[in-house]
Amino acid sequence: MTGYRIKQAVRNGRKLIVADPRKIELTNYADIWLRHRPGTDIALINGLAHVILRDNLWDVEFVCERCEGFAEWSEVVEGYHPKRVEEITGVKAELIEEAAHLFSQAERASIVYAMGITQHTSGTQNVLSLANLAILTGNVGKEGAGVYPLRGQNNVQGACDMGCLPNYYPGYQLVDALESRHKFTQFWGTDLPDKPGLTLPEMMDAAYSGEIKALYIMGENPVLADPDANHVVKALKNLDFLVVQDIFLTETAELAEVVLPAVSFAEKVGTFTNTERRIQRVRKAITLRGNTQSDWETLVALANKMGHNWVYPRGPEEIMEEIARCTPSYGGINYDRLETRGLQWPCPTSDHPGTPYLHRDTFSRGKGKFHGVHHIPAAEEPDEDYPLLLTTGRNLYQFHTGSMSRRSKLERMRPEELMMMHPDTAKDYRIKDGDYVQVESRRGEVKTKTQVTDHIPPGMVFLTFHYKETPTNRLTNSARDPVCNIPELKVCAVKVKKVMN
Amino acid sequence: MKEILVCGGTGCISGDSRLVHDALEQELSRQGLEAEFKLKYTGCHGFCEQGPVILVTPKDNFYCKVAPQDVPNLIHQLKEGKVYDELLYVEPTTNERILTRHDVPFYKKQQRLVLKNCGIIDPENIDDYLSSCGYKSLQKVLKLQPEQVIQEIKTSGLRGRGGGGFPTGTKWDFARKSVADNKYIICNADEGDPGAFMDRSLSEGDPHAVLEGMLIAGYAIGAQEGYIYIRAEYPLAVKRLSIAIEQAKARGYLGKNLLGSKFDFSIKIKQGAGAFVCGEETALMESIQGNRGMPRPRPPYPAVKGLWDRPSNINNVETLANVPVIMEMGSERYAQIGTEKSKGTKIFALTGKVNNTGLAEVPMGITLREVVFDIGGGVSDGKKFKAVQIGGPSGGCLTEEHLDLPIDYDSLLEAGAMMGSGGLVVMDESTCMVELARFFLSFSRHESCGKCTPCREGNTRLLEILQRIVEGNGEMEDLDRLQSLGENIIQSSLCGLGQTAPNPILSTLKYFRQEYELHVKNKVCPAGVCKALLSYKVMEDKCKACGLCKKSCPTEAITGEKKQAHKIDVSKCAQCGVCMEKCPFDAIIRG
Amino acid sequence: MVSITINGNQYSVPADYSILKAAEENGINIPTLCYEEGLTITGSCRMCVVEVKGVRKLLASCATPVTEGMEVQTESERVISARRDILRLLIANHDLRCLTCERNGDCRLQDYCYRYKVEDTPYKGDKKHYPIDTDNHFFIRDYSKCIKCGKCVSICAEVNGAHVYDFMERGFDTKVTSAFDDTLQETTCTACGMCVNVCPVGALVEKSVLWEGRPWEVKKVTTTCSYCGVGCQLKLKVKDDRIIGVTADKSGSNLGHLCAKGQFGWEYVHSQDRLTDPLIKRNGVFEKASWEEALTYVAHRLQGILQERGGQAFAGLSSAKCTNEENYLFQKFMRTVLHTNNVDHCARL
Ligand SMILES: Cc1cc2nc3c(=O)[nH]c(=O)nc-3n(C[C@H](O)[C@H](O)[C@H](O)COP(=O)(O)O)c2cc1C
Ligand code: SF4
Ligand code: SF4
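Rules behind the numbers
Within any chain, residue numbers begin from 1 and follow the written order of that chain's sequence. The lettering of chains begins at A and the numbering of ligands begins at 1, in the order of writing. Confidence filtering applies because this is a predicted model: local features only for residues at pLDDT of at least 70, side-chain atom pairs given and counted only at 80 or more, and all residues used for totals across whole chains, interfaces and linings. The basis for the side-chain values is all heavy atoms of the structure; hydrogens and waters are excluded. Residues are treated as being in contact if the distance between any of their heavy atoms lies within 4.5 Å. Throughout, the accessible surface (probe 1.4 Å) given up by two parts as they are put together, summed over both, is called the buried area. In the analysis that follows, any N or O atom pair within 3.5 Å is treated as a polar contact, provided that within protein one partner can donate a hydrogen and the other can accept it, and provided that, for residues neighboring in sequence, both atoms belong to side chains. Numbering of helices and strands runs from the N terminus, with a helix taken as a DSSP run of H or I at least four residues long and a strand as a DSSP run of E at least two residues long. For this classification, Asp, Glu, Lys and Arg are treated as charged, while Ala, Val, Leu, Ile, Met, Phe, Trp, Tyr, Cys and Pro are nonpolar and the rest, including Gly, are polar. In short, DSSP must find at least two bridges between two strands for them to pair. All axes are obtained by fitting lines to C-alpha atoms, using only the stretch in contact for helices, and the reported angles, taken between N-to-C directions, cover 0 to 180 degrees. Here roughly perpendicular refers to angles of 65 to 115 degrees, roughly parallel to angles under 35, roughly antiparallel to angles over 145, and oblique to all remaining angles. By convention the crossing between two helices is left-handed if the near helix lies anticlockwise of the far one by an angle smaller than a right angle, and right-handed if it lies clockwise. Salt bridge, as applied in this entry: a Lys or Arg side-chain nitrogen positioned within 4 Å of an Asp or Glu carboxyl oxygen. Neighbouring residues are identified by heavy atoms, a residue being near a molecule or strand if any of them is within 4 Å of it. pLDDT gives the predictor's per-residue confidence on a scale running from 0 to 100. Method for areas: the Shrake-Rupley scheme with a 1.4 Å probe, in which residue coverage is limited to the protein chains shown. For Phe, Tyr and Trp, where Trp contributes only its six-membered ring, two rings pair if their centres lie within 6.5 Å, and the inter-plane angle classes them as stacked under 30 degrees, edge-to-face over 60, or tilted in between. Buried, partly exposed and exposed residues are distinguished by accessible area as a fraction of the type maximum, computed with a 1.4 Å probe on protein chains only: under 20%, between the cut-offs, and over 50%, respectively.

This part covers the interface of chain A and chain C. The interface of chain A with chain C comprises 149 residues on the first partner and 111 residues on the second. Approximately 11,200 Å² of surface area, both sides summed, lies buried where chain A meets chain C, with 62% of it carried by carbon and sulfur atoms. The tally of links between chain A and chain C comes to 52 residue pairs in polar contact (both at pLDDT 80 or more). The dominant element in the side of chain A that touches chain C, judged by the number of residues it contributes, is helix α14 (residues 295-305) of chain A, at 9 residues. When its residues are assigned to classes, the side of chain A that touches chain C shows 81 nonpolar, 37 polar and 31 charged. Note that strand β10 (residues 258-261) of chain A and strand β13 (residues 279-282) of chain C share 2 bridges and pair antiparallel. Residue V259(A) lies in a different strand from β13(C), and its bridge partner there is L279(C).

Pasting the structure below:
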């Protein structure tokens with residue numbers, strides 16, 4: 001959908017810069033295509049900022065009035081002259097200059113990114129450097145400008161907003177802040193743990209080492225979705241008790257002691273929050289299947305079985321009322337208001353119209369801060385033993401681990417994994433289009449069919465993680481970004497050999 | 001020096017005028033006469049009926065139907081300073097030989113302003129154009145402000161010759177006022193009307209005049225680029241325009257800083273695949289852009305959003321060729337030609353059942369009678385005048401009662417016809433008006449681009465109804481259907497094609513309704529054209545029962561006793577017509 | 001703002017409005033077949049023609065901007081006569097097997113024929129017949145029912161950017177098709193299905209709805225797509241408690257546009273593999289259990305570990321597939337019942 005809008009904009013005469021190692025549909029629409037090596041985002045972005053500073057194309061007024069940290073940051077960027085950036089990224093210096101000029105001269109420019117930026121050991125830094133670029137050119141807080149992270153799953157935003165995070169209560173209220181803990185202790189009427197919890201990868205490590213004994217998984221399939229899948233399986237097997245709530249008997253559910261059937265979106269009442277922070281209704285289209293019951297009912301029943309007294313006679317609508325009471329940004333949300341169309345948070349009161357874009361006059365933290373960040377090489381780079389760089393992603397017809405999309409007609413569009421490999425690389429390995437190969441990393445191996453294509457540069461291969469027949473995440477590196485613990489799914493080193501099917 | 005001007009227009013070329021030219025060249029060189037006679041291969045002289053034609057100056061002697069074998073005799077006479085009588089034009093009514101072109105009736109009532117160079121200059125030689133005041137108008141214009149140029153065109157009263165008759169100066173003004181990084185001038189040389197060839201002749205005979213018109217238009221609206229959209233079926237015109245562009249570039253009439261001014265202009269040729277609808281301005285622009293040639297809704301008009309979404313001004317070839325003429329003679333003098341609302345001249349392609357077919361440029365306001373009978377020499381084969389179709393397939397027919405109508409944009413519209421691009425087809429009593437309408441409609445149906453419902457579907461249905469009628473299967477309600485569907489197509493179609501396609505039906509229905517009714521009710525085609533309706537009948541009151549017909553009928557379809565009117569059995573009749581020829585009393589009719 | 005008169009009443013509307021939009025916003029419906037908000041105006045169907053005082057021809061209201069003082073008639077005799085002829089012409093060249101058409105009752109062509117009392121067509125003659133293309137996985141293409149409105153061509157080119165369709169041939173022979181008249185598999189088609197959703201008649205129909213129910217028997221439920229984070233709004237088509245298809249809903253920021261997953265990716269809901277009962281693994285094999293049994297079992301196990309090891313022994317993973325309400329309860333469960341902050345979801349993947 002975002003792709004549609006970008007293409008529409010280009011057809012309407014807007015300019016497009018695409019930074020992607022792979023040749024994707026959008027590169028056909030791009031005025032400039034920066035084909036940098038995976039894992040060199042910061043260098044590239046700093047290079048662009050360098051040129052913008054050098055050629056005096058930045059928004060002086062905006063930076064002076066609304067930002068801080070500029071001086072320190074500019075010293076960092078100073079070192080990224082285009083020639084050096086060319087060495088790191090493989091993008092020609094002239095092209096970097098051209099892109100910097102195009103970007104900074106636009107009256108309004110947006111930056112759109114997704115997992116390609118975040119799934120690195122330097123993920124947080126990558127995002128910060130994009131933010132630097134946006135504030136440097138004054139492209140924040142006005143319509144048609146800004147930085148747009150694209151959220152992969154339908155309700156990632158909502159899961160975060162609702163506090164399914166180890167360090168936040170609903171509405172990003174810190175668990176280790178006395179004030180908010182006090183608030184929720186009162187609100188929920190029970191004592192609360194005071195230290196932030198573990199993130200998903202840390203949980204896996206803790207399960208592996210035996211610190212975590214019981215895991216409750218609701219609607220997730222970490223065996224296929226998480227990096228270094230072999231490690232994940234071992235961790236899950238090491239648990240005392242695993243309960244999985246899902247609509248299918250997934251690879252993860254297979255390992256559980258108890259599996260609770262869940263309901264699909266078509267049988268649910270509730271809300272999702274999309275990537276624009278828009279809270280929208282999910283409506284029940286069909287009755288419950290078989291012996292299933294709504295997931296909220298399951299949670300309520302379980303809590304009550306464990307001695308609590310949760311009562312929501314009016315169901316999800318009433319739960320939303322509770323959310324609104326404890327979550328300031330959702331304060332004005334209720335089902336009546338969502339009936340005709342969604343509302344974008346922050347929406348603190350029931351007469352607030354919602355907030356289409358953030359940071360209009362001020363940043364949430366006051367002033368926009370420049371963060372000086374340096375290029376950090378990926379945790380694992382190709383070497384003699386594992387000479388090829390593997391990067392991962394998605395294709396249009398499948399979704400995530402495929403548990404939904406593969407059970408629909410979409411399956412027929414792309415029924416199996418096709419590893420992309422450049423013709424030159426294929427020649428070196430004597431691999432032809434359609435050949436089967438074994439791909440191996442330090443962590444595991446998978447088998448896949450090959451597609452020989454120049455959509456990917458030489459020396460690199462591309463796999464998705466949609467297919468359980470080719471569980472790509474057995475190969476990926478679970479090395480993480482130190483700040484937010486996001487794993488480096490976009491870069492790891494592999495080797496390839498031809499095999500018979 | 002004497003000039004021998006051999007017509008190199010497409011009409012004469014198909015009559016082998018090239019061979020005539022080459023024979024002249026050889027003969028002149030054989031006799032060493034090159035210094036005495038300058039031989040030129042020119043554009044169309046207009047009198048295609050008589051081609052290949054040759055004009056010899058300065059005496060203005062006009063030779064017709066010249067063949068290569070005539071050349072030695074011709075040269076012989078010319079060398080002696082004489083006139084070669086044999087090849088002079090013969091006036092058909094008096095059988096007199098006419099000495100000069102000026103006195104040839106076909107030319108007598110013409111006013112050749114736009115065509116003044118056609119047939120006189122060598123279109124492949126820029127010097128010839130320059131020596132007949134070529135590019136003088138451009139030089140004049142470059143000293144004026146663009147607004148002044150537009151004012152001149154407005155004062156001249158020039159209206160578009162491509163069919164619509166929109167005031168050219170006003171159109172330029174709109175385009176001038178649109179602000180953009182780039183603007184375009186488009187010359188519409190698509191000329192899709194069957195039978196029309198004025199734009200082709202102009203492009204072939206005087207290509208620089210077209211370029212000069214575009215340059216002036218470009219200067220006036222502030223455009224730097226021009227396109228000539230021309231159908232690929234006009235290879236000679238394409239060739240001559242291309243040569244002209246190259247020569248103009250070489251002499252600095254195209255390019256940057258023209259003639260020392262700040263004005264830049266370049267011209268490209270774009271060849272079309274010959275779809276009629278691609279002559280429609282918005283479809284034409286789609287076609288230049290490489291898209292399917294389908295009209296787009298207006299507004300936005302080309303002057304605001306045209307080619308590549310930039311302001312564009314599109315004019316017809318003839319319109320543009322008028323521009324240098326106006327600038328040269330002055331707009332006020334030009335405005336004295338023609339009628340109050342239609343100024344200047346118009347070129348018509350005269351075809352059909354008329355003695356002199358060809359291209360004629362006449363002042364606006366001339367009567368139809370003058371065109372058909374004086375210039376055209378009347379209806380051919382001594383037949384009776386029935387009607388003219390004016391404006392091609394989008395136009396309408398005019399009858400005897402309109403013969404004294406002055407030809408101008410508004411009177412034509414009022415009479416249910418239109419100027420169109422200038423096709424003028426003369427019809428005599430042997431023309432079936434229903435069949436005529438059917439013919440034009442099958443053209444429009446075929447050329448519909450298929451975008452909008454009324455034209456795409458409606459013209460097919462109109463044609464089906466007409467087909468039924470000429471085949472004898474029509475019913476009276478069909479006439480009402482033609483009328484109401486025709487009106488609705490005109491009312492609701494997207495572009496000019498659909499908005500005019502039913503015109504031939506509506507105007508023939510209006511003036512010749514009886515002919516339709518005869519087809520439907522009596523299953524008779526009075527003109528004897530519609531094959532399925534041909535039947536021979538014996539008129540009882542005239543039959544003297546002589547029996548000659550009965551004897552001559554090869555299929556024994558005729559019966560009758562003595563003193564009894566004879567009868568023809570339609571089911572046996574082979575429609576050979578022998579009986580009708582044989583009947584001494586004209587008692588047998590066909591219809 | 002300009003003031004215009006429509007059917008005798010005066011209105012004040014923004015100067016950049018078309019007549020169609022001005023009428024629409026003031027509650028005056030003008031019939032349209034080829035108009036679709038957001039797509040380039042082609043002005044091709046001519047259904048929306050209106051009479052404007054002082055103009056000789058009828059004007060397409062979708063393509064004509066309002067001007068100050070304009071006087072418009074949207075249902076005058078001339079207008080109705082033109083519309084009736086357009087409808088008669090369309091049905092004269094349309095496969096009229098309405099009895100079994102999937103769009104019967106949900107078809108603009110039918111609706112307008114009813115509105116303008118067009119019972120039949122006097123224009124009987126040539127009629128185009130094309131074989132039905134059933135070759136792609138998702139929808140059929142029955143061009144004997146196509147009215148050449150061109151919306152499929154535009155939405156594919158202008159929204160998706162795939163440029164799969166265009167017109168072929170001219171005049172009466174005009175047909176919508178793909179490059180080289182090939183099946184869609186051979187083209188750049190991304191199976192977004194937006195062409196199916198804009199088709200005003202039964203020319204493009206999802207395979208999943210074929211013979212599943214008449215349009216009026218099908219319930220349409222507006223909801224949010226279950227795939228990615230854009231959160232497209234869509235309508236689920238439900239018959240007999242089963243989803244049979246998806247159609248556009250314009251209330252969200254996707255403006256009715258969808259991708260292949262939203263449009264055709266819903267079948268998993270009815271997959272045979274769906275879990276329908278709680279399962280408890282005993283001796284390495286899953287056995288079906290009742291809810292009471294399973295929940296008691298889980299509560300018992302959790303309680304045991306809680307008593308033995310405290311909250312730090314628990315972790316919970318919630319899902320970006322679940323609703324806000326479920327996610328809220330899940331973290332509340334982890335924090336208040338199991339006393340741990342070890343709660344996360346897959347935001348990072
Ligand atoms: C179906 C159709 C065909 C046309 N064909 C031609 C054509 O062949 N040549 C032409 O000059 N104008 C043609 N026109 C008119 C053009 O659209 C346009 O009005 C004209 O080029 C404007 O030039 P003018 O103002 O100099 O007449 C056609 C219009 C229609 C509707
Ligand atoms: S009137 Fe005919 S030619 Fe013009 S747009 Fe409509 S279908 Fe095409
Ligand atoms: S297939 Fe449907 S949408 Fe496409 S042109 Fe035909 S009627 Fe219109």
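Moving on, we come to the packing of helix α18 (residues 453-470) of chain B against helix α19 (residues 476-492) of chain B. Residues and elements named next belong to chain B. Two numbers describe how α18 lies on α19: the axes approach to 10 Å, and their chain directions differ by 160°. Taken together, α18 and α19 sit at an angle that is classed as roughly antiparallel. In the crossing of α18 with α19, the sense of the turn from one axis to the other is left-handed. Across from P454, C455, G458, N459, R461, L462, I465, L466, R468 and I469 in α18, the residues of α19 making contact are D478, L479, R481, L482, L485, G486, I489 and S492. Taken together, the residues of the contact of α18 with α19 break down into 10 nonpolar, 4 polar and 4 charged.

A few words now on the sheet that holds strand β2 (residues 37-42) of chain B. All names here are of chain B. Strands sit in the order β2-β1-β3-β4 across an open sheet of 4 strands; the sheet is mixed. Strand pairing shows two members of the sheet lacking a second neighbour, β2 and β4 (61-63), which therefore form its edges. Between one strand axis and the next, the sheet turns by 20° as a mean value, whatever way the strands run. Sheet topology places strand β1 (residues 2-7) next to β2; 6 bridges connect them, and they run parallel. Paired with K2 across the bridge in β2 is F37. Set on the sheet, helix α3 (residues 71-79) makes contact with β1, β2, β3 (54-57) and β4; between it and β1 the angle comes to about 155°.

Turning to the interface of chain C and chain B, a few remarks are in order. Each partner contributes residues to the interface: chain C has 37 residues there, and chain B has 32 residues. Roughly 2,900 Å² is buried in total at the junction of chain C and chain B, and carbon and sulfur atoms are behind 52% of that figure. The tally of links between chain C and chain B comes to 1 salt bridge. The shortest N-O distance in the salt bridge between R170(C) and E447(B) comes to 3.3 Å.

The residue after T57(B), namely P58(B), is reached through a cis peptide bond having omega 0°. Here P58(B) shows up in the loop between β3 and β4. Across the junction of P299(B) and P300(B), the peptide omega takes the value 0°, indicating a cis bond. With respect to the element layout, P300(B) can be found in the loop between α12 (281-288) and β10 (312-316). Backbone geometry places W308(B), a non-glycine residue, at a positive phi of 45°. Among the secondary structure elements, W308(B) is positioned in the loop between α12 and β10. In this structure, R46(C) takes a positive phi of about 70° despite not being glycine. Checked against the element boundaries, R46(C) lands in the loop between α1 (19-25) and β3 (49-52).

In this section: the site of ligand 3. The local shell around ligand 3 holds 13 residues, among which C146(C), C149(C), G150(C), C152(C) and C199(C) are the closest. Here the shell around ligand 3 is built from residues that sort into 11 nonpolar, 1 polar and 1 charged.

Put simply, chain A has an average pLDDT of 81, and 91% of its residues get 70 or more. Summarising per-element confidence for chain A, the mean pLDDT is lowest in helix α7 (residues 115-118) of chain A (65) and highest in β10(A) (93).

Attention shifts here to the site of ligand 1. Residues and elements named next belong to chain B. Neighbouring ligand 1 are 18 residues; G162, K171, E191, N316 and T319 lie closest to it. Contact between ligand 1 and G279: a nitrogen atom at 3.3 Å from a main-chain N or O atom of the residue. In isolation ligand 1 offers 610 Å² of accessible surface; the protein chains occlude 89% of this area. Among the secondary structure elements, those contributing two or more residues to the shell around ligand 1 are β10 and α20 (496-500). Tallying contributions element by element places β10 first for the shell around ligand 1, with 3 residues.

This paragraph deals with the packing of aromatic side chains. Applying the stated rule across the entire model yields 29 aromatic pairs over all chains. Relative to F187(A), the ring of F184(A) lies with its centre 6.4 Å away and its plane at 80°, an arrangement referred to as edge-to-face. Here F184(A) pairs with F187(A), and both are found in helix α10 (residues 178-188), just 3 residues apart, close to one helical turn. The exposure class assigned to F184(A) is buried, which follows from its relative accessible area of 0%. Through successive ring pairs, a cluster of aromatic residues spans Y169(A), F184(A), F187(A), W188(A) and Y328(C).

For the rest of this paragraph, the subject is the pattern of salt bridges. Scanning the model with the defined rule gives 71 salt bridges over all chains in all. Notably, a salt bridge pairs D85(C) with R88(C), separated by 3.0 Å at the nearest N-O pair. One end of the pair is D85(C) and the other is R88(C), both in helix α2 (residues 77-92) and 3 residues apart, which spans about a single turn. What emerges from the salt-bridge pattern is a single network uniting R468(B), E475(B), D478(B) and R481(B).

All names here are of chain B. One can describe the packing of helix α17 (residues 433-447) onto helix α22 (residues 513-522) by two numbers: an axis separation of 8 Å at closest approach and a directional angle of 95°. In terms of orientation, α17 lies roughly perpendicular with respect to α22. When α17 is examined against α22, the residues M433, V434 and A437 are found in contact with a partner set consisting of E515, Y516 and H519. In terms of residue class, the contact of α17 with α22 is made up of 4 nonpolar, 1 polar and 1 charged.

As a further point, take the pairing of strand β16 (residues 418-421) of chain A. Residues and elements named next belong to chain A. Side-chain alternation along β16 places L418 and M420 on one buried face and M419 and M421 on a second face that is also buried. In this structure, β16 lies alongside strand β18 (residues 445-452), joined through 4 bridges in parallel fashion. Bridging across to β18, M421 finds its partner in V452. Taken together, the 2 bridges between β16 and strand β19 (residues 460-464) define a ladder with antiparallel strand orientation. Bridge assignment links M420 to a residue of β19, and that residue is F462.

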